[in-house]
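Next come the chains, spelled out residue by residue.
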Amino acid sequence: MYYKEFITEAISANRYIDVIRSATYKSVEDAFFLMAELREIMSPVASKDFASNDASHTRFQQIAKAYFSENFKQAMHVNLTKSLNAALGADVLTYIVFREIPKSYGGYASGTSITLSDEISKDFTETIMDSVFQIIYDNYDGEDRVAGFHEVCAEFSNRTNKSRWWWHVESGVNTILHKFTRTVIHELVHVLQHAKQHNVGRHNTAYRSYLDKKPGEFVKTYRSHWQKSHANEPIDPDFEKKYYKLYYASPQEMAAFAHEAAYEVIKSYGFDDATTPEELQIKNIEASDIINNINWITGKFTKDPRTRREAMVRNRYIKLVYQEIVQYLNHRLKQFEH
């Protein structure tokens, strides 16, 4: 018997954890496949230096990383957008791209599009390519190094016959995939919110906060914070505190951050890797784990409510996180029916 759902057609994005994970790995493989072109465009000087035990290999590594990064971003734009739309059953997402945005933002949703921080792509690239170069240095020397690099990249693009070294790449990807998946889920919640609003004829997204003292306070604060962040202007600590207090109490953001907290619980209990229905039991979850993850995701801004409205926000978070975990478990249990 499935757990009772709290609301009809509620937004539930953690069910796409596996979709995000699979699209990411496919994009890594596609990026390696495209690395074959690097053999033709790589600087002869950089290749010559890379083949030498005495010269610096910095230039070769920089070019290889830059090329892999562009390939990876291109592949993710296609694979992640396509895979999520297929899972959603409609072309809800317009696109997912990586761009340079303020460091305090992991990403943002604009309408039905998602922009992710280019820093995430750089993290994937650095981790993956550092693993590749370590493999090269451990197994090739001198003039064999250049050919070895291209051979290893070709091996990693093979989906059916994994290289004996693939676990190095997989291990590197997994160190970033956890946070990346959580970020995508957060922004996907916003896209689904926007899509639902558009479906009922509301084309202007209205943002507010449960802690607004007057209408429009959160919107005004949000815009000011965004402008200062983009301009790299210093932000007054008191203003920063006010911004985050309102931010974490915004209905739209509460849903997204509750999904993040639920994701952490799902991962910590291994629900996403469960192989039997018996492993998907809500009764196994300690209430303290839900509370602790809410505290971690929202920091100090919802932890100790001092007013009735702040207590309402706190209780709403608890309900939203529990609701999302229940919906995720229902989704996984249904998968075992087929």
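In case you missed it, the structure is sitting above this.
Everything numeric in this text was worked out from a predicted model, so none of it was measured.

S.K.: Looking at this model, I keep getting lost on the nonpolar core. Mind explaining?
M.R.: Core analysis: the biggest nonpolar cluster contains 96 residues, and Phe32, Met35, Leu84, Phe149 and Phe180 have the highest contact counts within it. In terms of residues, this core owes the most to one element, helix α7 (residues 166–199), which gives 12 residues. Once residues lying within four places of it in the same chain are set aside, the contact partners of Met35 are Ala64, Tyr67, Phe68, Asn71, Met129, Phe149 and Cys153.

S.K.: Got a minute to help me understand unusual backbone geometry in this structure?
M.R.: A negative phi angle is the norm for most residues apart from glycine, just as the trans form is the norm for most peptide bonds. In this model, Asn232 sits at a positive phi of 55°, which is unusual for a non-glycine residue. Mapped onto the fold, Asn232 is located in the loop between α8 (217–230) and α9 (237–247).

S.K.: What is the right way to look at the pairing of strand β3 (residues 113–117) in this model?
M.R.: The side chains of a regular strand alternate between both faces of the sheet. Of all 5 residues in β3, 5 are buried; the element is thus mostly enclosed. Pairing geometry for strand β1 (residues 95–99) and β3, over 5 bridges, is parallel. Residue pairing in the sheet places Tyr95 in a bridge with Ser113 of β3. Bridge count for strand β2 (residues 107–110) against β3 is 4 bridges, and the pairing is antiparallel. When the sheet's bridge partners are listed, Ala109 is paired in β3 with Ile114.

S.K.: Would you explain the sheet that holds β3 in this entry?
M.R.: Strands pair in a sheet through their backbones, by hydrogen bonds, and they do so in one of two ways: parallel or antiparallel. Taken together, 3 strands build an open sheet; the order of strands is β1-β3-β2 and the sheet is mixed. Of all the strands in the sheet, the pair left with one neighbour each is β1 and β2. On average, each strand axis in the sheet is tilted by 20° relative to the strand beside it, whichever way the strands run. Contacting β1 and β3, helix α5 (residues 118–139) crosses the sheet at an angle of about 55° to β3.

S.K.: Please clarify how the environment of Gln61 should be interpreted in this entry.
M.R.: For Gln61, the position within the fold is in helix α4 (residues 58–88). Expressed as a C-alpha distance, the spacing of Gln61 and Ser47, which sit 14 residues apart in the sequence, is 9.8 Å. Filtering out sequence-adjacent residues up to four positions away, Gln61 remains in contact with Phe133 and Tyr137.

S.K.: I'm lost on the packing of helix α1 (residues 17–34) against α5 in this one. Help?
M.R.: Packed helices, taken two at a time, are described by the angle their axes make and the gap between the axes. Where α1 contacts α5, the axes come no closer than 13 Å and their chain directions differ by 55°. With respect to each other, α1 and α5 are oriented oblique. Of the two elements, α1 crosses α5, and the hand of that crossing is right-handed. Between α1 and α5, the contacting residues are Thr24, Val28 and Phe32 on the first element and Phe124, Ile128, Met129 and Val132 on the second.

S.K.: Quick question: what am I supposed to make of the pattern of salt bridges here?
M.R.: Working definition: two side chains of opposite charge can pair if their charged atoms are close together. Overall, the coordinates contain 16 salt bridges when judged by the stated rule. In this structure, Arg182 and Glu260 form a salt bridge, with 2.7 Å as the shortest nitrogen-oxygen distance. Here Arg182, found in helix α7, pairs with Glu260, found in helix α10 (residues 251–268); they are 78 residues apart in sequence, far enough to count as distant. Of the two residues, Arg182 and Glu260, neither departs from the other in class, the shared state being buried. With a shortest N-O distance of 3.7 Å, Glu310 and Lys245 are connected by a salt bridge.

S.K.: Looking at this structure, how should I read the side chain of Ser163?
M.R.: Along the chain, Ser163 turns up in the loop between α6 (144–156) and α7. Among the residues examined, Ser163 registers a relative accessible area of 8% and is labelled buried. A polar contact of 2.9 Å, which involves the side chain of Ser163, links it to the side chain of Glu155. Contacts of Ser163, omitting those with residues within four sequence positions, involve Glu155 and Phe156.

Each value, and the rule that gives it
Position labels on residues start from 1 in each chain and follow its written sequence. In view of the model being predicted, local features appear only for residues whose pLDDT reaches at least 70, and side-chain atom pairs are presented and counted only at 80 or more, with totals across whole chains, interfaces and linings using the full set of residues. Think of the side-chain values as coming from all heavy atoms in the structure, minus any hydrogens and water. Buried Ala, Val, Leu, Ile, Met, Phe, Trp, Tyr and Cys residues form a nonpolar core when they are joined through side-chain atoms within 4.5 Å. The cut-offs for exposure are 20% and 50% of the maximum accessible area for each residue type, with area from a 1.4 Å probe on protein chains only; residues under the lower value are buried, those over the upper are exposed, and the others partly exposed. Strands are runs of DSSP state E lasting at least two residues, helices are runs of H or I lasting at least four, and both sets are numbered from the N terminus onward. The contact criterion used is simple: two residues touch if any of their non-hydrogen atoms lie within 4.5 Å. The criterion for strand pairing is that DSSP finds at least two bridges linking the strands in question. All axes are obtained by fitting lines to C-alpha atoms, using only the stretch in contact for helices, and the reported angles, taken between N-to-C directions, cover 0 to 180 degrees. Roughly parallel means an angle under 35 degrees; roughly antiparallel, over 145; roughly perpendicular, 65 to 115; everything else is oblique. Two helices cross in a left-handed way if the nearer one is turned anticlockwise from the farther one by less than a right angle. They cross in a right-handed way if the turn is clockwise. Only one rule defines a salt bridge in this text: a Lys or Arg side-chain nitrogen within 4 Å of an Asp or Glu carboxyl oxygen. The term polar contact refers here to a pair of N or O atoms within 3.5 Å; inside protein, the definition further demands a hydrogen-donor-capable atom paired with an acceptor-capable atom, and it admits residues adjacent in sequence only when both atoms are side-chain atoms.

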